[in-house]
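Read off the chains here:
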Amino acid sequence: MSRSAVGVSPGRVNLIGEHTDYNDGFVLPIGLRWQARVDAATRSDDAVVVSSSQLGETIRVDDLSPTPGQWWGYVAGVVWVLRQRGHAVGGVDLRLDSQVPLGGGLSSSAAIEAATVLAVDALFSLGLDADELASVAQATENDFLAIPTGPMDQRASLWCTAGHALLLDCRSLQGTQVPFELPDDLTLALVDTHSPHVLADGAYGERRTSCHAAAERLGVRALRDVTDPAALEGLADAVLLRRARHVVTENARVLDAVAALEAADWARFGALMTASHASMRDDYEITVPTVDQAVDSALASGALGARMTGGGFGGTVLALVPTDALEDFVRRVSDDYAARDFDPPSVSTTAAEAGGLELRARLRA
Ligand code: ADP
Ligand code: MG
């Protein structure tokens, strides 16, 4: 008789700490209320059969091998990674149903990898620990789909807990829970700017190369190891200096943001968000007019802080808005976008929600 199991894991958004991951630095994501769910059932053969409710497609794979560029790889690739690592995973039906918006920078990919590894772990009683679950989910993206993403997304999806942000050290891969409970009079707004990530791939590689070049010239293993911005004056190249300055100051801002959250100092937290945005705009040069406009509209509506989140060149803006100014903000950002002929933005709100491991514990309770 066939057995079944379920895995559920959310999308994520990074509160602060952008382009710090590949510099061995710090990031600070929260889990979102949009979740991916995978229902897994054993089969009598060795095939992996994957379906997506959103796409209305079902794919049967008999011989798994790394396959970039296919949606089903985010699900079936998990089985491939587990088998590569010596786990006894037989044939399996994997039914995916996800609410996480695709490609909006909220990490729909990590949510479905995380939900899949939780479901398969339960179905075959693998007993993987929190580190291994995250490692398998990340390896799915890196090794099956050949996408060189960093360590944040899958750990955020799995490890985040309700009412907390996750401080992740991208060198040690240690996660620390930091309180993130907004008072009623403050709301965290997410603005989807609906701007495509034009040129993002080449620019991303160029930023990575600059950071590694700067670290080499400064004689450190990674820019994470530079804590005094004055040390950057040794960089003769003005562009390299600006790129490195973003990373060094951004790492410091993440740690300052953690201190602000621990003190429930929301004004300070908001100011750090806005400073992070200015650094991405002026030093890292990864913002575009639509995201800059959303930040300006938020601040003009009385937001305590606002910043682009994600890799850049479009995507989502986060704003910490007084709850009684939320309506004004939505109206203002829509009007400001219309005045500049930008596509209308969409605004939603979120709190810090449970990640996949906490959701599993709740399901079992
Ligand atoms: P992000 O993770 O920021 O949402 P990615 O490009 O990393 O964007 O991942 C999006 C990809 O994940 C989609 O192109 C698709 O291949 C896959 N995906 C996400 N959600 C689903 C879904 N519900 N059904 C099928 N594939 C999905
Ligand atoms: Mg992704």
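Check the entry above for the structure.
Residues numbered from 1 in each chain as written. Chains lettered and ligands numbered in written order. Predicted model: local features only at pLDDT ≥ 70, side-chain atom pairs only at ≥ 80, totals over all residues. Heavy atoms only, no water.

**Section: the overall build of the protein chain**
To keep things clear, this is the line we draw: Helix numbers and strand numbers start at the N terminus; a helix is a DSSP run of H or I with at least 4 residues, a strand a run of E with at least 2. Only protein chains enter the accessibility calculation, which uses a 1.4 Å probe; a residue is then buried when its area is under 20% of its type maximum, exposed when over 50%, and partly exposed in between. By definition in these notes, contact holds between two residues if any of their heavy atoms fall within 4.5 Å. In this tally, Lys and Arg are treated as positive and Asp and Glu as negative; His is ignored, and so are the chain termini. The atoms used to mark charge sites are NZ of Lys, CZ of Arg, CG of Asp and CD of Glu.
Of the regular secondary structure elements, the protein chain holds 10 helices and 12 strands. Projected onto its principal axes, the C-alpha coordinates of the protein chain cover approximately 60 × 50 × 40 Å. With 365 residues in all, the protein chain has 55% of them scored as buried. For the protein chain, the share of sequence-separated contacts (at least 6 apart) that also reach a separation of at least 24 residues comes to 70%. Between the averaged position of the 29 positive side-chain charges in the protein chain and that of its 49 negative side-chain charges there is a distance of 3 Å.

**Some details on the packing of aromatic side chains**
Which entries qualify depends on this criterion: Only Phe, Tyr and Trp rings are paired, with Trp represented by its six-membered ring, and only when their centres lie within 6.5 Å; those with planes under 30 degrees apart are stacked, over 60 edge-to-face, the remainder tilted. Two conditions define a charge located above a ring, namely a distance within 6 Å from the ring centre to NZ of Lys or CZ of Arg, and an angle within 35 degrees of the ring normal.
Here the structure, examined in full by the defined rule, presents seven aromatic pairs. Here the aromatic rings of Phe 180 and Trp 266 are separated by 5.4 Å at their centres, their planes lie at 80°, and the arrangement is edge-to-face. Placement of Phe 180 in the loop between strand 8 (174-179) and strand 9 (186-192) and of Trp 266 in helix 7 (residues 266-282) is noted, with a sequence separation of 86 residues between them. We classify Trp 266 as buried; its relative accessible area is 11%. By way of ring pairs, the aromatic residues Trp 72, Trp 80 and Phe 144 are connected into one cluster. Sitting above the plane of the Trp 34 ring, Arg 33 keeps its charged end 4.4 Å from the centroid. A cation over a ring is seen here: Arg 207 above Tyr 284, with NZ or CZ 5.9 Å from the ring centre.

**Topic: helix 8 (residues 289-300)**
Counted only if it meets this: A helix is expected to span 1.5 Å for every residue after the first.
The end-to-end C-alpha distance of helix 8, which contains 12 residues, comes to 16 Å, matching closely the 16 Å that a straight helix rising 1.5 Å per residue would cover. Buried within helix 8 we find Thr 290, Val 291, Asp 292, Gln 293, Ala 294, Val 295, Ser 297 and Ala 298. Turning to helix 8, the residues buried within the fold contact strand 9, helix 7, strand 10 (305-309), strand 11 (316-322) and helix 9 (326-339). Gly 302, located one to two residues past helix 8, shows a positive phi value of around 95°.

**Comments concerning the pairing of strand 7 (residues 164-169)**
How we decide: Two strands form a pair only when DSSP identifies at least two bridges running between them.
Summarising burial for strand 7: five of the six residues are buried, a large majority. With six bridges joining them, strand 7 and strand 8 adopt antiparallel strand pairing. Paired with Ala 165 across the bridge in strand 8 is Val 178. The turn linking strand 7 back onto strand 8 is made up of four residues, and Leu 173 within it adopts a positive phi angle of 60°.

**Notes on the site of ligand 1**
Rule in force here: Here a residue is considered near a molecule or strand provided that any single heavy atom belonging to it is located within 4 Å of it. The term polar contact refers here to a pair of N or O atoms within 3.5 Å; inside protein, the definition further demands a hydrogen-donor-capable atom paired with an acceptor-capable atom, and it admits residues adjacent in sequence only when both atoms are side-chain atoms. Each residue gets one of three labels, nonpolar for Ala, Val, Leu, Ile, Met, Phe, Trp, Tyr, Cys and Pro, charged for Asp, Glu, Lys and Arg, and polar for the others, Gly among them.
For ligand 1, the set of nearby residues contains 15 residues, the closest of which are Ser 52, Gln 54, Gly 103, Ser 108 and Ser 109. For ligand 1, a nitrogen atom lies 3.1 Å from a polar atom in the side chain of Gln 54. Ser 109 places a polar side-chain atom, nitrogen or oxygen, 3.0 Å from an oxygen atom of ligand 1. For the shell around ligand 1, the elements supplying multiple residues, two or more each, are strand 6 (92-98) and helix 2 (108-123). Of all the elements, helix 2 adds the most residues to the shell around ligand 1, at three residues. In the shell around ligand 1, the residues fall into seven nonpolar, eight polar and no charged.

**Brief notes about the environment of Ala 88**
For Ala 88, the position within the fold is in the loop between helix 1 (73-84) and strand 6. Overall, the relative accessible area of 63% leaves Ala 88 in the exposed class. Separated by 70 residues in sequence, Ala 88 and Glu 18 have C-alpha atoms that sit 38 Å apart. Apart from the residues lying within four places of it in its own chain, the contact partners of Ala 88 are Phe 124 and Leu 126.

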